[in-house]
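In case you want the letters, here they are:
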Amino acid sequence: MTKRVQAKYKIDRRLGQNIWGRPKSPVNRREYGPGQHGQRRKGKMSDFGTQLRAKQKLKGYYGNISEKQFRKYYEEAIRLKGDSGENLIGLLERRLDAVVYRSKFVATPFAARQFVNHGHVRVNGRRVNIASYQVKVGDVVEVKDASKQLAIVLEASQLPERDVPDYIEVDHSKMTAKMSRVPGLAEVPYAVQMEPNLVVEFYSR
């Protein structure tokens with residue numbers, strides 16, 4: 001198990017927000033940060049601090065992506081036409097592990113990454129074990145036959161705490177999903193407010 005998976009709830013505590021909307025999040029019990037100084041009153045955050053926090057929140061949400069990889073998403077987002085913040089969200093939502101998570105094939109973004117890495121997923125009939133693989137509109141993502149009866153898959157599809165968003169067409173009887181369009185920020189069902197525009201500002205300083 002990676003440190004990133006072990007530390008998923010530390011991200012919640014550090015940010016002081018239940019970023020995935022999970023019922024087990026420690027923020028549901030303690031809204032202050034971790035450590036002996038966690039309960040100190042926080043002063044007004046600087047612009048840099050606000051931008052950094054927005055970046056850490058978005059990066060953490062998608063399974064705590066590495067800084068190097070996250071910066072590549074920013075560079076691609078500003079290269080594309082249109083609003084860079086919206087482009088950034090589109091690129092992150094097109095990650096294969098994000099599509100697997102949104103489709104409710106597994107319960108968390110961390111589980112989705114592991115699920116893909118372990119070879120349980122096919123894209124257009126071909127096994128893909130790279131979590132950052134960019135799914136295109138119209139691609140068919142499916143859980144391979146041997147993995148469809150795994151407990152984590154069966155349990156995740158029944159989770160009441162979140163729904164499959166409109167931009168993904170899912171058939172849980174076949175365990176298949178298709179991205180019908182690249183979503184904008186307003187369409188993505190984040191449990192907390194995400195501010196990709198501040199992330200763009202952080203990197204463009």
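This text goes with the structure placed above it.
Residues numbered from 1 in each chain as written. Predicted model: local features only at pLDDT ≥ 70, side-chain atom pairs only at ≥ 80, totals over all residues. Heavy atoms only, no water.

Caption draft 1: Fine view of empty space enclosed by the protein. Within this structure, the stated rule accounts for two cavities of 30 Å³ or more. In this structure, the second largest cavity encloses a volume near 40 Å³. Around the second largest cavity, the lining residues are Y62, D97, A98, Y101 and P109. At three residues, the largest contribution of residues to the lining of the second largest cavity is made by helix α6 (residues 96–102). Each residue belonging to the lining of the second largest cavity can be placed in one class, and the counts come to four nonpolar, no polar and one charged. (1 Å grid on protein atoms, 1.4 Å probe; cavity = no way out; pocket = protein on both sides within 12 Å on 5 of 7 lines; lining within 4 Å. Points joined across faces, edges and corners; volume = space filled by probe spheres on them. Helix = DSSP H or I, 4+ residues; strand = E, 2+ residues; numbered from the N terminus. Nonpolar A, V, L, I, M, F, W, Y, C, P; charged D, E, K, R; others polar.)

Caption draft 2: Highlighting the packing of aromatic side chains. Taken as a whole, this structure holds seven aromatic pairs when the rule is applied. Ring geometry for F70 and Y203: centres 6.3 Å apart, planes at 45°, overall tilted. Here F70, found in helix α4 (residues 67–79), pairs with Y203, found in helix α9 (residues 196–203); they are 133 residues apart in sequence, far enough to count as distant. We classify Y203 as buried; its relative accessible area is 6%. Taking the centre distance of 5.3 Å and the plane angle of 85° together, the rings of F202 and Y203 count as edge-to-face. By way of ring pairs, the aromatic residues F48, F70, Y74, F202 and Y203 are connected into one cluster. A cation sits over an aromatic face here: R162 above Y101, 3.9 Å from the ring centre. (Phe/Tyr/Trp six-rings, centres within 6.5 Å; stacked < 30°, edge-to-face > 60°. Buried < 20%, exposed > 50% of the residue type's maximum accessible area, 1.4 Å probe, protein only. Lys NZ or Arg CZ within 6 Å of the ring centre and 35° of its normal.)

Caption draft 3: Layout of the pairing of strand β4 (residues 168–171). Summarising the sheet, β4 and strand β5 (residues 176–179) pair through four bridges and their orientation is antiparallel. Bridging across to β5, V170 finds its partner in A177. Counted between consecutive antiparallel strands, the loop separating β4 from β5 contains four residues, among which M175 sits at a positive phi close to 55°. (Pairing = 2+ DSSP bridges.)

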